[in-house]
Amino acid sequence: MVGLGNPGPRYVWTRHNVGWLFVDRLIEETEAKLRVHNRNYMLWGPVDIGNRKVAMMKPTTYMNRSGMALKDLPEGFSCDAGDLLVVYDDVAIPFGKMRLRKKGSAGGHNGIMSVLVSLGTFEVPRLRIGIGNEKAQGELSEFVLSEFTEEEKEKLPALFDKAIEVVRYVADGAWDIGMQVANSFVLE
């Protein structure tokens, strides 16, 4: 599992870092231990999630170069596109919703574009977490790099708990159920 985001304290609570925030929540839930920390990524696990051993990665290459981290995995860790689940933000999805897909285009997201280019395929499973978009197109970078509101921060744990449920279905190979749960979820 790869959570996309940006390193450094400036970005911690920004909307663009929702992939990193989700991985943090999953690390907490599974009590995964840090295994590798190098110039391109931090890697935890593997841990048991469902019926699979899962490692969690946070690329430290900044969002637009996330794919670079996948080329540098230690021996024993798969970089096969079908074995990954990339978690990242999506401005086209309202805050409190998510979408699970087995493949697709980058949809204008530079982080997933870097992953797709690095792996040479569009067939990369992904969980997109909605951050909404309240700004005009020209202000998009300002919006994604803005912090979640206090109200949104309070709601993130419930959103992430549902996303963890989805990840468990994916790990068990129950993609249809995972997609149904993810794609129908609306945070109250």
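In this numbering scheme, every chain counts its residues from 1 along its sequence in written order. Side-chain atom pairs in this predicted model are given and counted only at pLDDT of 80 or more, local residue features only at pLDDT of at least 70, and totals for whole chains, interfaces and linings cover all residues. Neither water nor hydrogens contribute to the side-chain values; these are computed over all heavy atoms in the structure.

Colleague: What is the right way to read the packing of helix 1 (residues 18-30) against helix 5 (residues 150-171) from this model?
Modeller: Between two packed helices, the angle of one axis relative to the other and the distance separating the axes together describe the packing. Every angle, taken between N-to-C directions, lies between 0 and 180 degrees, and every axis is a line fitted to C-alpha atoms, over only the stretch in contact when it is a helix. Numbering of helices and strands starts at the N terminus; helices are DSSP runs of H or I of at least 4 residues and strands are runs of E of at least 2. Relative to each other, helix 1 and helix 5 sit at 70°, their axes nearing to 10 Å. In this view, helix 1 runs roughly perpendicular relative to helix 5, as classed from their interaxial angle. Counted together, V18, L21, F22, R25, L26 and E29 of helix 1 and L156, F160, D161, A163, I164, V167 and R168 of helix 5 form the full contact between these two elements. Our angle categories are set so that under 35 degrees counts as roughly parallel, over 145 as roughly antiparallel, 65 to 115 as roughly perpendicular, and the remainder as oblique. The contact definition used throughout considers only heavy atoms, calling two residues in contact when any of these lie within 4.5 Å.

Colleague: Which parts of the structure should I look at to understand helix 1?
Modeller: The length a helix should cover is 1.5 Å for every residue beyond the first. Look at helix 1: 18 Å from first C-alpha to last across 13 residues, which is about the 18 Å you get at 1.5 Å a residue. In terms of burial, helix 1 is largely enclosed, as 10 of its 13 residues are buried. Here helix 1 has its buried residues at V18, G19, W20, L21, F22, V23, R25, L26, I27 and T30. Among the structural elements, strand 1 (2-3), strand 3 (41-49), strand 4 (52-59), strand 5 (86-90), strand 7 (126-130) and helix 5 are those in contact with the buried residues of helix 1. Positive phi shows up at E31, right after helix 1, with a value of about 55°. Note on classification: 1.4 Å probe, protein chains only; a residue is buried when its accessible area is under 20% of the maximum for its type, exposed when over 50%, partly exposed between these limits.

Colleague: Please clarify how the packing of aromatic side chains should be interpreted in this entry.
Modeller: Describing an aromatic ring pair means giving the distance of the ring centres and the angle of the ring planes. Pairing of aromatic rings covers Phe, Tyr and Trp, the last through its six-membered ring, and needs centres within 6.5 Å; plane angles under 30 degrees mean stacked, over 60 mean edge-to-face, and all others mean tilted. Counting across every chain of the model gives three aromatic pairs. Plain terms: the ring middles of Y11 and Y62 are 6.2 Å apart, the flat faces sit at 80° to each other, and that makes the pair edge-to-face. With a gap of 51 residues between them, Y11 in the loop between strand 1 and helix 1 and Y62 in the loop between strand 4 and helix 2 (67-70) connect regions that are remote in the sequence. Y11 sits in the buried class, given a relative accessible area of 14%.

Colleague: Before we go on, may I ask you to explain the nonpolar core in this structure?
Modeller: If you look at soluble globular proteins, the nonpolar side chains tend to sit buried side by side. Residue types Ala, Val, Leu, Ile, Met, Phe, Trp, Tyr and Cys, when buried and joined through side-chain atoms within 4.5 Å, form a set referred to as a nonpolar core. Formed by 39 residues in total, the largest nonpolar core has its most connected members in M1, F22, M56, M98, L100, L127 and V166. Of the residues forming this core, the biggest block, nine residues, is contributed by helix 5. Those residues in contact with L100 that lie beyond four places of it in its chain are L85, R126, L127, V166, V170, W175, G178, M179, A182 and N183. Formed by 21 residues, the second largest nonpolar core is a distinct cluster that contains L43, A55, M63 and A69.

Colleague: Got a minute to help me understand the pattern of salt bridges in this structure?
Modeller: Oppositely charged side chains may form a pair once their charged atoms are brought near each other. Throughout this description, the term salt bridge denotes a Lys or Arg side-chain nitrogen within 4 Å of a carboxyl oxygen of Asp or Glu. In the structure shown here, the tally under the stated rule is 13 salt bridges. Where D83 meets R52, a salt bridge forms, and the shortest distance between an N and an O atom there is 3.8 Å. Linking D83 in the loop between helix 2 and strand 5 with R52 in strand 4, this pair joins segments that are 31 residues apart in sequence. Relative accessible area serves as the criterion here: at 39%, D83 is assigned to the partly exposed category. Salt bridges sharing common partners tie together R25, E28, E29, D161 and R168.

Colleague: Is there a simple way to explain the environment of K103 in this structure?
Modeller: Tracing the backbone shows K103 in the loop between strand 6 (98-101) and helix 3 (110-119). Along the backbone, K103 and D83 are 20 residues apart, and their C-alpha atoms lie at a distance of 12 Å. With near-sequence residues (within four places) excluded, K103 lies in contact with F122, E123, V124 and R126.

Colleague: I tried to follow helix 3 on my own but got confused; where do I start?
Modeller: Each α-helix turn comprises 3.6 residues. Residues three or four places apart therefore point the same way. What helix 3 keeps buried is the set G111, I112, S114, V115, L116 and S118. Following helix 3 by one or two positions, G120 has its phi on the positive side, about 70°.

Colleague: Help me understand the side chain of N6 in this model?
Modeller: Turning to its location among the elements, N6 is positioned in the loop between strand 1 and helix 1. Two N or O atoms form a polar contact when they lie within 3.5 Å of each other; inside protein one atom must be a possible hydrogen donor and the other a possible acceptor, and for residues adjacent in sequence the pair counts only when both atoms belong to side chains. Engagement of the side chain of N6 in a polar contact is seen with the backbone nitrogen of M63, the distance being 2.7 Å. Setting aside residues no more than four positions away along its own chain, N6 makes contact with Y11, H16, N17, W20, Y62, M63 and L145.

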